[in-house]
Amino acid sequence: MKRTIGFYGAGNMAQAIISGLINSGFYQKEEIYVYNHRYEPTLKKVEETYGIQVILREEELFQQSDLIIFAVKPTILTQILPQINPYLQKEHVLVSIAAGVSIQQIEKLTGPHKIIRAMPNTPAMVNQAMSSISPNKLTTQEEIQLVVDVFDSFGKAKVVSEELIDAVVGVSGSAPAYVYLFIEALADGAVLEGLPRDDAYEFATQAVLGAAKMVEDTGKHPGELKDMVTSPKGTTIAAVQSLEESNFRASVMKAVEAAAKKNHEMNK
Ligand SMILES: NC(=O)c1ccc[n+]([C@@H]2O[C@H](COP(=O)([O-])OP(=O)(O)OC[C@H]3O[C@@H](n4cnc5c(N)ncnc54)[C@H](OP(=O)(O)O)[C@@H]3O)[C@@H](O)[C@H]2O)c1
């Protein structure tokens with residue numbers, strides 16, 4: 001494949017991916033092309049910030065790059081696919097990050113092409129995304145690995161079959177919002193106990209970051225890590241009991257299920 005990558009759309013997600021690619025050194029500025037439907041304000045900002053190649057003619061994007069990431073809203077994606085169809089070659093790998101647009105829907109609008117559906121989440125903005133990668137049958141292992149590497153450059157990426165995207169939305173796509181609720185509630189509790197508001201957010205945020213890092217770095221089961229910090233008759237087991245009485249774990253599981261169900265309905 002050519003060492004170039006093209007973006008259709010220059011908004012938040014495109015910029016998060018571009019910054020990951022450049023910061024990780026995975027792609028050089030000269031190898032990144034971005035098309036947008038207008039220059040100002042978004043494309044101008046992207047050009048000034050990243051110094052990459054900006055394009056205002058759709059056709060040129062498909063001439064310059066083999067790997068194209070579609071980073072526009074789902075309704076725009078389904079509008080533009082029929083219109084870019086004449087520019088598509090069989091070597092192009094088309095990656096969609098649009099929520100709720102299935103590979104089958106894309107294939108209907110483009111015909112048989114190499115298509116990969118990816119589902120990143122908003123921590124992409126700080127290079128900490130979790131992304132799923134779901135390829136169709138026409139993509140090769142080499143092409144799938146390239147796309148995994150692209151998404152790894154701004155977080156972590158894993159290949160999953162497309163029917164598991166609902167679960168991915170529940171566990172990572174929508175999950176930042178549940179974690180923000182948790183951080184806010186932790187801080188509210190601390191404020192209730194007298195800690196100033198700013199300190200409360202700082203303590204709560206670092207506690208969540210640190211706990212996540214413990215799970216990642218030690219490789220230990222989260223239950224084992226919980227056992228390690230709950231001493232007999234201690235403060236932590238008292239808090240754990242309180243959470244269990246309020247159905248904390250069942251509530252979180254139901255939240256994941258609700259997001260997955262909603263995503264499934266949106267894909268119909
Ligand atoms: N944000 C997330 O956390 C997240 C997570 C997973 C997946 N996604 C998916 O990522 C995709 C992009 O989201 P985003 O947050 O990056 O959106 P965004 O910031 O709103 O960017 C959308 C891009 O589309 C362009 N655009 C707007 N109207 C257009 C039109 N009529 N024709 C062609 N291009 C048009 C915009 O250009 P102008 O700015 O010049 O109008 C902009 O470059 C969405 O499909 C979303 O489902 C997002």
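Residues numbered from 1 in each chain as written. Predicted model: local features only at pLDDT ≥ 70, side-chain atom pairs only at ≥ 80, totals over all residues. Heavy atoms only, no water.

- Per an unreviewed UniProt entry, the chain goes by the name Pyrroline-5-carboxylate reductase and belongs to Tetragenococcus koreensis.
- Looking at the Sequence similarities (unreviewed entry) heading of the UniProt record, one finds this comment for the chain: "Belongs to the pyrroline-5-carboxylate reductase family." (UniProt positions renumbered as here; feature names shortened; annotations may be inferred.)

## Description of the overall build of the chain
Okay, so step 1: For the chain, the helix and strand inventory stands at 12 helices and 8 strands.
Okay, so step 2: Once the C-alpha set of the chain is aligned to its principal axes, its extents read approximately 70 × 40 × 30 Å.
Okay, so step 3: For the chain, with 268 residues in total, the buried portion stands at 40%.
Okay, so step 4: Pairs at least 24 apart in sequence give 62% of the contacts found in the chain among residues at least 6 apart.
Okay, so step 5: Carbon together with sulfur atoms contributes 57% to the accessible area of the chain, which is approximately 15100 Å² in total.
Okay, so step 6: Taking the average location of the 25 positive side-chain charges in the chain and that of its 32 negative ones, the two points are 4 Å from each other. (Helix = DSSP H or I, 4+ residues; strand = E, 2+ residues; numbered from the N terminus. Buried < 20%, exposed > 50% of the residue type's maximum accessible area, 1.4 Å probe, protein only. Contact = heavy atoms within 4.5 Å. Areas by Shrake-Rupley, 256 points an atom, 1.4 Å probe, with all protein chains shown as cover. Lys, Arg positive; Asp, Glu negative; His and termini not counted. Charge placed at Lys NZ, Arg CZ, Asp CG, Glu CD.)

## Observations concerning the site of the ligand
Okay, so step 1: Neighbouring the ligand are 19 residues, the closest being Ala 10, Met 13, Thr 42, Val 72 and Thr 122.
Okay, so step 2: Here Lys 73 contributes a side-chain N or O atom positioned 3.4 Å from an oxygen atom of the ligand.
Okay, so step 3: Burial of the ligand by the protein chains amounts to 78% of its free accessible area of 910 Å².
Okay, so step 4: For the shell around the ligand, the elements supplying multiple residues, two or more each, are helix 1 (12–24) and helix 4 (74–84).
Okay, so step 5: Of the residues in the shell around the ligand, the class split is 10 nonpolar, 7 polar and 2 charged. (Near = heavy atom within 4 Å. Polar contact = N/O pair within 3.5 Å; in protein donor to acceptor, adjacent residues only side chain to side chain. Nonpolar A, V, L, I, M, F, W, Y, C, P; charged D, E, K, R; others polar.)

## Here we look at the UniProt feature "domain: Pyrroline-5-carboxylate reductase dimerisation" (unreviewed entry) in the chain
Okay, so step 1: When the UniProt feature table is mapped to this numbering, "domain: Pyrroline-5-carboxylate reductase dimerisation" (unreviewed entry) covers residues 162–266.
Okay, so step 2: Each end of residues 162–266 is marked by a C-alpha atom, and these two atoms are 14 Å apart; helix forms 83% of the span and strand 0%.

## Observations concerning the UniProt feature "binding site: NADP(+)" (unreviewed entry) in the chain
Okay, so step 1: The positions that UniProt labels "binding site: NADP(+)" (unreviewed entry) are, in the present scheme, Ala 71, Val 72, Lys 73 and Pro 74.
Okay, so step 2: Counting through the fold element by element, Val 72 comes out in the loop between strand 4 (67–70) and helix 4.
Okay, so step 3: The class of Val 72 is buried, set by a relative accessible area of 19%.
Okay, so step 4: In this structure, Val 72 is in contact with Tyr 8, Gly 9, Leu 77 and Ala 98, ignoring residues within four places of it in sequence.
Okay, so step 5: For Pro 74, the contacting residues outside a window of four places in its chain are Ala 98, Ala 99 and Val 101.

## Considering the environment of Asp 199
Okay, so step 1: Along the chain, Asp 199 falls in helix 9 (residues 197–218).
Okay, so step 2: Taking the relative accessible area as the measure of exposure, Asp 199 reaches 32% and is therefore partly exposed.
Okay, so step 3: It is 8.4 Å that separates the C-alpha atoms of Asp 199 and Ala 187, two residues lying 12 residues apart in sequence.

## A closer look at the domain arrangement of the chain
By convention, interface size is frequently given as the accessible area that disappears when the constituent parts associate.
Okay, so step 1: Taken domain by domain, the chain holds domain 1 (5–162) and domain 2 (173–266).
Okay, so step 2: If you average the C-alpha positions of domain 1 and of domain 2, the two centres end up 33 Å apart.
Okay, so step 3: Taken as a group, Gly 100, Asn 121 and Lys 156 account for 55% of the area that domain 1 buries against domain 2, more than any other trio of residues on that side.
Okay, so step 4: Along the contact surface separating domain 1 from domain 2 lie 1 salt bridge.
Okay, so step 5: For the salt bridge of Glu 216 with Lys 156, the shortest nitrogen-to-oxygen distance reads 3.1 Å.
Okay, so step 6: Where domain 1 meets domain 2, there are 1 residue pair in polar contact (both at pLDDT 80 or more).
Okay, so step 7: Counted by class, the side of domain 1 that touches domain 2 contains 1 nonpolar, 3 polar and 1 charged residues. (Domains from an automatic or database assignment. Buried area = accessible area lost by both parts, 1.4 Å probe. Salt bridge = Lys/Arg side-chain N within 4 Å of Asp/Glu carboxyl O.)

## Digging into helix 2 (residues 39–50)
Okay, so step 1: Residues Leu 43, Val 46 and Tyr 50 constitute the buried set of helix 2. Across the axial projection of helix 2, the buried residues extend over an arc of 55°, all falling on one side. In helix 2, the exposed residues that point more than 90 degrees away from the buried face are Glu 40, Pro 41 and Glu 48.
Okay, so step 2: Where the residues of helix 2 are buried, they touch helix 1, strand 2 (32–35) and strand 3 (53–55).
Okay, so step 3: A positive phi of about 65° marks Gly 51, the residue just after helix 2. (Arc of directions from axis to C-beta.)

## Side note on the side chain of His 113
Okay, so step 1: Among the structural elements, His 113 can be located in the loop between helix 5 (103–110) and strand 6 (114–119).
Okay, so step 2: Ignoring anything within four residues of it in the chain, the contact list for His 113 reads Leu 88, Gln 89, Lys 90, Leu 94, Asn 136 and Leu 138.

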